[in-house]
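# Overview (structure and organization)
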Amino acid sequence: MSEVRVRIAPSPTGDPHVGTAYIALFNIAFARKHGGRFLVRIDDTDQTRSRPEYEKGILDSLNWLGLTWDEGPGMDNDWGPFRQSERTEHYREAAKRLLESGHAYRCFCSSEDLERIRIERAQMKLGRGYDGRCRKIDPEESGRRAEAGEAHVVRLAVPQEGDCRLQDEIRGEIVTPFKEVDDQILMKSDGFPTYHLANVVDDHRMRITHVIRGREWISSVPKHLLLYQALEWEPPCFYHMPLLLNPDGTKLSKRKNPTSIRYYQQAGYLPEALLNFLGMMGYSRPGGEEKFSLEELISDFEPKRLHSSDAVFDIQKLRWLNGRYLREDLTPEDLYQRLTNWRMNESLWKPMAELMLTRMETLGDFVPSVAFTLADDFESPAEDFVPKKRTPEETVQFLQTILWAFEEDDAWDKENVQKTIERVTELWNWKIREATAPLFVAIMGKKVGPPLYDSIAILGKDLSRARILKGIVQLGDISKKKLRKLEKRWKSGTLAPPASS
RNA sequence: GGCCCCGUCGUCUAGCUAGGUUCAGGACACCGGGUUUUCAUCCCGGCAACACGGGUUCAAAUCCCGUCGGGGUCACCA
């Protein structure tokens, strides 16, 4: 059998997600166990959302965790390049072959057409996919129209009958009737491939032997298998890992939990502890010892021990584990070094000194006032959150919309933070003082402190978000139904209640 | 809603492949006690689960069927 090659294919469209590290970890364990290679491929085919700084963020975070790759972006070799945006000719070639062999067809429907079809089919309870109308267009005519420059996409011609059989190494055989599978778009009208095509083409060209990824991908496997078949390539083995979950049992999401690896870094977790923690979800080591290093995980890694059921990401257990690493593995000197390398250094002290200068009477006033920049966990009295003439519920909703607003802009500096907060406050028709009160308490744990906007900017996006999220929970949270309603109002920009005065 | 996946203490899990050694073991959290000038650590103890119902069998957490519950997915996002 040829050399084992595995990969992760993160898309640079957001903050580095702990789920990416979790999947990377098991890919690495698998590769090392079998003397194979692990690669990182950047899946940046979504031109509207991909950003170089996100790619850097993901790579940096993986490095921080000690998750290293044998092949990846910037390390060109026979199988590279490792950024999908640099491999477009491969996808076009594959699409062409698919078109020629009749396994794919051009679709000239506009997004409006598609929307209409979707609604119609939903009403007739036909399932929500595309109805395949463009499949009937004669290939020659289709070619002419494309030649003439008519906008189109390329779709996979999924068989109308039969079943897809997937042999999942974790779950066994998974059978899906083809009639449940949509005529997936392979090439977008911008000339870029969708995940499905790019993924299959690259996995083949990069000689990937085992695909280990989250189980949210199970439902798209039929499309992939169809592609392998049509292209006459041998498919890899599949391992669909259990999902990481929020405490409420839904897929781990930043709406409900801190998911950014950077958050854990900045909140003061040790990389080895986070990695260890990730390794005990979805897998368990033979001896039963819960504390183990990456090397130990690799040394007796056994794919058979991979679980099939999902796991709740329990921050309390992570904290406990992290504590063990601190007290069992570090000397006081080590601790001091970690602390200063972390955030207890001039990168934090200097900007805070600037803010504090006019707000102190003795040097001793400094640390209590800036303690919030280093604290991971603190409780603030719920009643302090709520401005005088507002209810807790209003306050929760306000904070929630601040969170959404923060999600929208990427630049994280004082000016943007201020603009965002002012914008949301205006939408609510609140006074700015009412807005800053709950934010102060959420961010600092008390009603007074250094200037809010600067503080939020210095604290950083990940920590600030987490604090506000925690404030919301502390205030009694928000029901699913109300959240949905609020989101609707938020999206339409009509937050303020009808003017009463 | 269709399709698919999953179902052991509140949470992470051992045990399930090859049914008996398990009135189900460990860990986190929680509760109680001990050590410690305080706290933390550490030590001891406690609480707490095989989703439910049928079947197969001398014997089922382990095999089969059904039900229920949870989740994932149904984009010119990955």
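In short, a report on the structure. Remember, it's a predicted structure, so these values are computed and weren't measured experimentally.

### Thoughts on the overall build of chain A
- Assigned secondary structure in chain A consists of 21 helices and 11 strands.
- Computed over C-alpha atoms, the radius of gyration of chain A comes to 26 Å, within 12% of the 23 Å expected from 2.2 N^0.38 for 501 residues, which places it in the range of a compact globule.
- Dimensions along the principal axes, computed over C-alpha positions, put chain A at roughly 80 × 65 × 35 Å.
- Sorting the 501 residues of chain A into buried and exposed places 49% on the buried side.
- Residue pairs at least 24 apart in sequence account for 76% of intrachain contacts in chain A once pairs closer than 6 positions are excluded.

### Focus on empty space enclosed by the protein
- Across all of its chains, the model carries one cavity of 30 Å³ or more by this definition.
- The volume enclosed by the largest cavity comes to roughly 40 Å³.
- If you go around the largest cavity, the residues you meet are D15, K254, E407, K461 and R465.
- Residues of the lining of the largest cavity, tallied by class, amount to no nonpolar, no polar and five charged.

### As for the protein's contact with RNA strand B
- Neighbouring residues of RNA strand B: 46 residues in total, closest D43, R171, K188, R215 and E290.
- The protein-proximal atoms of RNA strand B, defined as those within 4 Å of the protein, are 77% sugar or phosphate.
- Measuring from a sugar or linking oxygen of RNA strand B, one finds a side-chain N or O atom of D46 at 3.1 Å.
- Interatomic distance of 2.6 Å between a side-chain N/O atom of R215 and a sugar or linking oxygen of RNA strand B.
- Within the residue set of the surface near RNA strand B, elements represented by two or more residues are β6 (172–177), β11 (311–312) and α11 (315–329).
- Ranked by residues supplied to the surface near RNA strand B, first place goes to α11 with four residues.
- Residue classes in the surface near RNA strand B are distributed as 16 nonpolar, 14 polar and 16 charged.

### Brief notes about the environment of L357
- Topologically, L357 is positioned in the loop between α13 (346–356) and α14 (366–370).
- Along the backbone, L357 and H17 are 340 residues apart, and their C-alpha atoms lie at a distance of 37 Å.

### Some thoughts on unusual backbone geometry
- Notably, E232 is not glycine yet its phi reads approximately 60°, a positive angle.
- Looking at where E232 falls in the secondary structure, it is placed in the loop between α7 (221–231) and β9 (237–241).
- Exposure remark for E232: the relative accessible area of 68% places this residue in the exposed category.
- One non-glycine residue, D477, adopts positive backbone phi at about 60°.

### Focus: the packing of helix α1 (residues 18–33) against helix α9 (residues 271–279)
- At a closest axis distance of 9 Å, the pairing of α1 and α9 adopts a crossing angle of 70°. With respect to their mutual orientation, α1 and α9 come out roughly perpendicular. Facing V18, A21, Y22, L25 and F26 of α1, the residues of α9 in contact are L275, L278 and G279.
- Partitioning the contact of α1 with α9 into residue classes produces seven nonpolar, one polar and no charged.

Quick notes on the rules
Residues numbered from 1 in each chain as written. Chains lettered and ligands numbered in written order. Predicted model: local features only at pLDDT ≥ 70, side-chain atom pairs only at ≥ 80, totals over all residues. Heavy atoms only, no water. Helix = DSSP H or I, 4+ residues; strand = E, 2+ residues; numbered from the N terminus. Rg over C-alpha atoms; globule rule 2.2 N^0.38 Å. Buried < 20%, exposed > 50% of the residue type's maximum accessible area, 1.4 Å probe, protein only. Contact = heavy atoms within 4.5 Å. 1 Å grid on protein atoms, 1.4 Å probe; cavity = no way out; pocket = protein on both sides within 12 Å on 5 of 7 lines; lining within 4 Å. Points joined across faces, edges and corners; volume = space filled by probe spheres on them. Nonpolar A, V, L, I, M, F, W, Y, C, P; charged D, E, K, R; others polar. Near = heavy atom within 4 Å. Polar contact = N/O pair within 3.5 Å; in protein donor to acceptor, adjacent residues only side chain to side chain. Axes fitted to C-alpha atoms, helices over the stretch in contact; angles between N-to-C directions. Parallel < 35°, antiparallel > 145°, perpendicular 65-115°, else oblique.

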